[in-house]
Amino acid sequence: MAKTVCKILGVVFVLVGLIGFVKPDLLGAHLTGAHNAVHIVSGAIALYLGFAGSLSAAKTFCLVFGVVYLALGILGMALGTGSDRMWNIAEYGNPDVERLQLLARVLGGAKSSRLDQRLVHRDKLVDNISAAAFTAQLGGNFMVMATVKQGVDVAKVEQAIDEELDRLLKEGPTTEELERARTGIQAGWVRGVERIGGFGGKADALAECAVYSGDPGCFRDSLKTFDEATVANVRATANTWLGAGKGSHTLVVNPGKRMEIAEDPAVTPQPFAPPAPEARYTTTPSTVDRSGGVPVTKSFPDLKFPQIQRATLSNGTTVVLAQRNEIPVVQLSYQFPGGASLAPAAQAGIAGFAAGMLDEGAGELDALAFADRADALGARLGASADNDTSSASLSALKQHLEPSLGLFADMLRRPRFDAPDIERVRGQWIAGIKQEKAQPAAIAARVLPGLVYGAGHAYAQPATGTEASVAALTREDLVAFHAANFRPERANLVVVGDTTLAEIVPLLEKHFGDWKGSGAGAKPAPVAAVKAPARPRVFLIDQPGAVQANIFAAQLAPSSTAPTTVAFDMANMVLGGDFTSRLNMNLREDKHWSYGARSGASGALGPRLWRVSAPVQIDKTAESMAEIQRELVEFTSGKRVTKPDELSAMKKIQTLSLPGAYETASAVLGTLESNLLYGRPDDYVFLRKAQIEGLTPAQVDAAAKTLDPNAITWVVVGDLGKIEQPVRALKLGEVVVLDADGKPVAR
């Protein structure tokens, strides 16, 4: 498949390049002769990979181009104009790649990069911008990607990018910029290899080196190149690949109406008949005995979880420590009770917005200086809010732990909330809301809480707020919310990583011990119960031209603190919580109507939002809803009970994966945060494993009855011209058409 796609890409790129030379007016003024040359070269590479290259190289090439063009397409459709510029660069293993990665971080790969300073902070022409260098077996790409603000001339953005790049090519990075870039990349590598697999994990690093270079340890050469990079050789490399006379390709994706693409009707696929092997290929005799079938794992590692230690700071904060010495990194999360549930409806989104402002300058450092300081330390800082908590996080390199804690303390205790930064972030925030309202899953995430919890409930507001509520927030609002909610006296500080209680507590006392809240603090109230609707409801949201419909079916489940949580979560696994669950096997594997159907419940102190999500082929929308309804009715009524082998398989999925679930400090930290929030004991991971292992089919069936098919709230996002009448004909419940804000549409 990958090689076929590369063949297609190759033909398209070569044709576009040739047309650009012969009839440039057909393709627009952005495609210069250099751009057309890049098209032809890229197409030639794709054709080579498609016909003669290795499968892994074809996959890598297609992945890079696929991600780039898909991202730009989504950005374009979601409102902002997307501008992307790309150069061809060196192949994997060439030291120039590492030097170009350093250059990319200086140019646009960090919060205070040159392009961010110019286009986000100073000129305010883009919502975001980035630069990166990717590589593959035969060659790589250097890319600059920007989301242009509405109403801004793309040409102005491109001119500014050219000016900043030209200046960097002429002068090179400063010594300070290079050191920050080096530290950031090296810190990212250290964090990445904490994992065994995953993007950037140990297996990735070893396998990539083995495949591309024949030396599993080639990553050492890469790290050496980063370490030995100088201002001079980074500048020289940049000019070699990006300098005068080096062609680049610019792609601009403008927002506009969705173009409908004709889709073949759903059919039952014919059995696949493998083609005969090509004569030019031969095989070597196998030395593997396959007579016994696929090998089955007979022994599994034991679940291990670090011992928990506690201390209390002078400010009243409880410190919870789990020591992990695998990598020289310490992670911290300061948890404050309340979160978005404390915000009045008129200030929807304030919890997340205020949290997002904490790292936009603190103490004596403005936003850019704060970002520079974090980069210089190799530290990652941030803050966020959900319905039940606000939290601030720090990931610090062990060798820079103390100064990183100082920066973390400034962020929490002395955020600046500078007016220009508030306006900049506000613009980005509102642009993000508009993008959410163009994407089906995000639309559902915005409207479902209000529909299911009801107006006025603490959990009813969309997490990011509305354009109106965010536009109305003042600096005084943000300062007041921070003062009332980010207070140490009722907070927990979770620490996981390469440190001890004896080391970390004195440092925390130094930076946080005298921190005291001022004024009256916010006091979270118990989350109100919600009465289930008396009958099903169906809400439709129009997305003209959509080639698929996105189906969501939701209702409320008991709190995460309920004693039946483990049993309910297992019932959800059977219904829709895994690839092998009933919903997915039905809609994807049997009917072939969906790429994947899932269900699940978010964690919450109050009632949990449980929902099914299924993107389906648009001409099978009503049929898919009928199947989801049937599965729900049969499971909850007891007509189709949980089978012992079905439960056994789900138990294995949930328990045998546990030893690998806590390989990173972040995973341990997240579990400790949940334990503290929901009042669980320190050994909850072991208690939960025992509960799962002890579940019976009867207990799972009883938990399934928590769901009521007659109280389902349906939300379907798609082209109403194709789905409305079939959905109404199902007669599942009253049908109401909404806009992307969840408001009824007058018809």
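Before reading further, recall that the structure is shown in the block above.
Not measured: the values here are computed from a predicted model.

Novice: I keep staring at the nonpolar core and nothing clicks. Help me out?
Specialist: Side chains that are nonpolar tend, in soluble globular proteins, to be buried together. Judged by nonpolar contacts, the single largest core of 52 residues is most densely connected at Tyr334, Phe408 and Leu412. Counting 45 residues, the second-largest nonpolar core is a separate cluster that includes Ala557, Ala614, Leu707 and Ile712.

Novice: In this structure, what is going on with the sheet that holds strand β13 (residues 598–601)? I would like to understand it.
Specialist: Note on sheets: strands pair through backbone hydrogen bonds, and any given pair is parallel or antiparallel. Spatially, six strands are ordered β13-β14-β12-β15-β11-β16 in an open sheet, and the strand pairing comes out mixed. Looking at strand neighbours, the two that pair on one side only are β13 and β16 (734–738), the edges of this open sheet. Neighbour to neighbour, the strand axes of the sheet diverge by 20° on average, direction disregarded. By the bridge criterion, ten bridges tie strand β12 (residues 548–557) to strand β14 (residues 608–617) in an arrangement that is antiparallel. Counterpart to Gln555 in the pairing with β14 is Trp610. Where helix α27 (residues 720–730) meets the sheet, it contacts β11 (537–542), β12, β15 (713–718) and β16, and its direction lies at approximately 170° from that of β11.

Novice: Even after reading the chapter, I still don't get unusual backbone geometry, so can you show me in this structure?
Specialist: Negative phi is the rule for most residues except glycine; trans is the rule for most peptide bonds. Its identity as a non-glycine residue notwithstanding, His592 has a phi of 65°, on the positive side. Summarising the element assignment, His592 is placed in the loop between α20 (582–590) and β13. Unusually for a residue other than glycine, Lys731 sits at a positive phi of about 55°. The topology assignment puts Lys731 in the loop between α27 and β16. Of the residues examined, Lys731 reaches a relative accessible area of 71% and is grouped as exposed.

Novice: Would you mind going over the sheet that holds strand β3 (residues 140–148) with me for this structure?
Specialist: The strand order β2-β3-β1-β4 describes an open sheet built from four strands, whose pairing is antiparallel. In the strand order of this sheet, the two ends are held by β2 (126–135) and β4 (248–253), each with one partner. Adjacent strand axes in the sheet meet at a mean angle of 15° when their direction is disregarded. In this sheet, β3 lies alongside β2 in antiparallel orientation, the contact comprising nine bridges. Bridging across to β3, Thr135 finds its partner in Gly140. In the packing of helix α4 (residues 95–108) onto the sheet, the strands contacted are β1 (81–89), β2 and β3, and the crossing angle to β2 comes to about 175°.

Novice: Mind showing me how you'd approach the packing of helix α21 (residues 621–637) against α27 here?
Specialist: Each pair of packed helices can be described by the angle between their axes along with the distance between the axes. For the pair α21 and α27, interaxial distance at closest approach is 8 Å and the crossing angle is 30°. Classed by the angle they form, the pair α21 and α27 counts as roughly parallel. Judged by the sense of rotation from one axis to the other, the crossing of α21 with α27 is right-handed. Residues Thr621, Ala622, Met625 and Ala626 of α21 form the contact with α27, whose participating residues are Ile723, Pro726, Val727 and Leu730. By residue class, the composition of the contact of α21 with α27 is seven nonpolar, one polar and no charged.

Novice: Honestly, the state of the cysteines in this entry has me stumped. Any pointers?
Specialist: Chemically, a disulfide is nothing more than a covalent bond linking the sulfur atoms of two cysteines. Within this structure, the stated rule accounts for one disulfide. Here Cys209 pairs with Cys218 through a disulfide, and the sulfurs are 2.1 Å apart. The chirality of the disulfide connecting Cys209 with Cys218 is left-handed, given an S-S dihedral of about -90°. Exposure remark for Cys209: the relative accessible area of 2% places this residue in the buried category. For Cys218, a relative accessible area of 11% gives the class buried.

Novice: Honestly, the packing of aromatic side chains in this entry has me stumped. Any pointers?
Specialist: Between two aromatic rings, the relevant description is the distance of the centres plus the angle of the planes. Going through the model one piece at a time under the given rule, you end up with 13 aromatic pairs. Judged by centre distance (5.1 Å) and plane angle (85°), the ring pair of Phe305 and Tyr662 falls under edge-to-face. Pair noted here: Phe305 is in the loop between β4 and β5 (308–312) and Tyr662 is in the loop between α23 (658–661) and α24 (665–677), with a separation of 357 residues, a long-range link. Residues Phe305 and Tyr662 agree in their burial class; the two are buried. Where Phe512 meets Trp515, the ring centres are 6.1 Å apart and the plane angle is 45°; that geometry is what we call tilted.

Novice: Just checking my understanding: could you explain the side chain of Arg182 for this structure?
Specialist: Locating Arg182 in the fold gives a position in helix α7 (residues 175–192). At 2.6 Å, the side chain of Arg182 and the backbone oxygen of Phe226 are in polar contact. Dropping the residues within four chain positions of it, Arg182 is found in contact with Leu102, Phe226, Asp227, Glu228 and Ala229.

Novice: What is the right way to look at a negative patch on the surface in this model?
Specialist: A contiguous patch of negative charge on the surface is contributed by Glu263, Asp264, Asp619 and Glu623. The topology assignment puts Asp264 in the loop between β4 and β5.

Novice: For this particular structure, what's the right way to read the pattern of salt bridges?
Specialist: Pairing is possible between side chains of opposite charge, provided their charged atoms come close. If you walk through the whole model with that rule in mind, you get 41 salt bridges. Here Arg414 makes a salt bridge to Asp410, at a shortest N to O gap of 2.5 Å. Across the pair Glu627 and Lys591 runs a salt bridge, and its minimum N-O distance is 3.6 Å. Residue Glu627 is found in helix α21, and its partner Lys591 is found in the loop between α20 and β13; the two are separated by 36 residues along the sequence.

Definitions and limits used
Residues numbered from 1 in each chain as written. Predicted model: local features only at pLDDT ≥ 70, side-chain atom pairs only at ≥ 80, totals over all residues. Heavy atoms only, no water. Core = buried A, V, L, I, M, F, W, Y, C linked by side-chain atoms within 4.5 Å. Buried < 20%, exposed > 50% of the residue type's maximum accessible area, 1.4 Å probe, protein only. Pairing = 2+ DSSP bridges. Helix = DSSP H or I, 4+ residues; strand = E, 2+ residues; numbered from the N terminus. Axes fitted to C-alpha atoms, helices over the stretch in contact; angles between N-to-C directions. Contact = heavy atoms within 4.5 Å. Parallel < 35°, antiparallel > 145°, perpendicular 65-115°, else oblique. Left-handed = near helix turned anticlockwise from the far one by under 90°. Nonpolar A, V, L, I, M, F, W, Y, C, P; charged D, E, K, R; others polar. Disulfide = S-S within 2.5 Å. Phe/Tyr/Trp six-rings, centres within 6.5 Å; stacked < 30°, edge-to-face > 60°. Polar contact = N/O pair within 3.5 Å; in protein donor to acceptor, adjacent residues only side chain to side chain. Patch = residues over 30% accessible without salt bridge, like charges linked within 9 Å, V, L, I, M, F, W, Y side chains within 5 Å. Areas by Shrake-Rupley, 256 points an atom, 1.4 Å probe, with all protein chains shown as cover. Salt bridge = Lys/Arg side-chain N within 4 Å of Asp/Glu carboxyl O. Lys, Arg positive; Asp, Glu negative; His and termini not counted. Charge placed at Lys NZ, Arg CZ, Asp CG, Glu CD.

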